[in-house]
Amino acid sequence: SSPISDNRSFGLARDIDISLSSVQGQLRKFEEAGLVVSKKIGTTRIYFFNKKSPLVKPLMELVNVIHASMSFADKQQLFGVRAKRRLKSIKSSLSC
């Protein structure tokens with residue numbers, strides 16, 4: 001199973017700059033449709049693509065085509081902030 005974003009709905013909401021309730025509602029709809037499955041660990045719900053769904057493979061192929069067609073600048077604009085956050089988080093955990 002491939003985790004979605006950083007697995008948490010608040011991370012996804014932060015990354016795409018929409019409300020947490022909107023993300024949670026959409027993830028619930030995706031789960032009801034069978035596109036994702038979730039697992040609750042403590043107070044955190046983690047989402048994964050449902051590899052048993054016949055829709056997931058074509059969806060991921062479409063995402064890969066779109067990502068491959070994007071310019072480097074567009075990728076940096078959309079995904080650069082997230083990469084910087086992760087790098088900063090990794091560096092701080094290594095210095096402990």
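Residues numbered from 1 in each chain as written. Predicted model: local features only at pLDDT ≥ 70, side-chain atom pairs only at ≥ 80, totals over all residues. Heavy atoms only, no water.

Novice: Account for the overall build of the chain, naming residues and giving values.
Specialist: Scanning the chain for helices and strands turns up four helices and two strands. Scored against the burial criterion, the 96 residues of the chain give a buried share of 22%. The long-range share in the chain, meaning contacts at least 24 apart out of those at least 6 apart in sequence, stands at 33%. Total accessible area on the chain is roughly 7300 Å²; 60% of this is exposed by carbon and sulfur atoms. (Helix = DSSP H or I, 4+ residues; strand = E, 2+ residues; numbered from the N terminus. Buried < 20%, exposed > 50% of the residue type's maximum accessible area, 1.4 Å probe, protein only. Contact = heavy atoms within 4.5 Å. Areas by Shrake-Rupley, 256 points an atom, 1.4 Å probe, with all protein chains shown as cover.)

Novice: So what's going on with the side chain of S53? Residues and values would help.
Specialist: If you trace the backbone, S53 turns up in the loop between strand 2 (44-49) and helix 3 (56-69). S53 gets classed as buried once you look at its relative accessible area, which sits at 10%. For S53, the contacting residues outside a window of four places in its chain are G34 and L35.

Novice: How would you explain the pairing of strand 1 (residues 36-41) if you had to name every residue and give the values?
Specialist: The sheet contact formed by strand 1 and strand 2 spans six bridges and is antiparallel. Along strand 2, the bridge assignment pairs K39 with I46. The loop that links strand 1 with its antiparallel partner strand 2 comprises two residues; one of these, G42, has a positive phi angle of about 65°. (Pairing = 2+ DSSP bridges.)

Novice: Summarise the environment of Q26; cite the residues concerned and give the values.
Specialist: Relative to the helices and strands, Q26 resides in helix 2 (residues 20-33). For the pair formed by Q26 and S9, sequence separation is 17 residues and the distance between their alpha carbons is 9.9 Å.

Novice: Go over the confidence of the model for the chain with me, naming the residues and quoting the values.
Specialist: Per-residue confidence for the chain gives a mean pLDDT of 79; residues scoring 70 or more make up 75%. Confidence drops under a pLDDT of 50 for residues 1-6, and excluding neighbours within four residues, the segment shows 25 contacts in the predicted structure. (pLDDT = per-residue confidence, 0-100.)

Novice: Break down helix 1 (residues 9-16) for me, citing the residues and quoting the values.
Specialist: Those residues of helix 1 not exposed but buried are S9, G11, L12 and A13. Buried residues along helix 1 sit in contact with helix 2. Following helix 1 by one or two positions, D17 adopts a phi angle in the positive range, close to 60°.

Novice: Break down helix 2 for me, citing the residues and quoting the values.
Specialist: The end-to-end C-alpha distance of helix 2, which contains 14 residues, comes to 20 Å, matching closely the 20 Å that a straight helix rising 1.5 Å per residue would cover. By the burial criterion, the buried members of helix 2 are V23, G25 and L27. Check the buried side of helix 2 and you find it contacts helix 1, strand 1 and strand 2. After helix 2 finishes, the residue G34 shows a positive phi value of roughly 90°. (Expected span 1.5 Å × (residues − 1).)

Novice: I'd like a rundown of the packing of helix 1 against helix 2, residues and numbers included.
Specialist: Helix packing for two helices is described by the angle between their axes and how far apart those axes are. Packing of helix 1 against helix 2 brings their axes to within 9 Å, and their N-to-C directions diverge by 120°. It follows that helix 1 is oblique to helix 2 by the angle criterion. Both helix 1 and helix 2 take part in a crossing whose hand is right-handed. Listed contacts from helix 2 to S9, F10, L12 and A13 of helix 1 are L20, V23, Q24 and L27. Split by residue class, the contact of helix 1 with helix 2 holds six nonpolar, two polar and no charged. (Axes fitted to C-alpha atoms, helices over the stretch in contact; angles between N-to-C directions. Parallel < 35°, antiparallel > 145°, perpendicular 65-115°, else oblique. Left-handed = near helix turned anticlockwise from the far one by under 90°. Nonpolar A, V, L, I, M, F, W, Y, C, P; charged D, E, K, R; others polar.)

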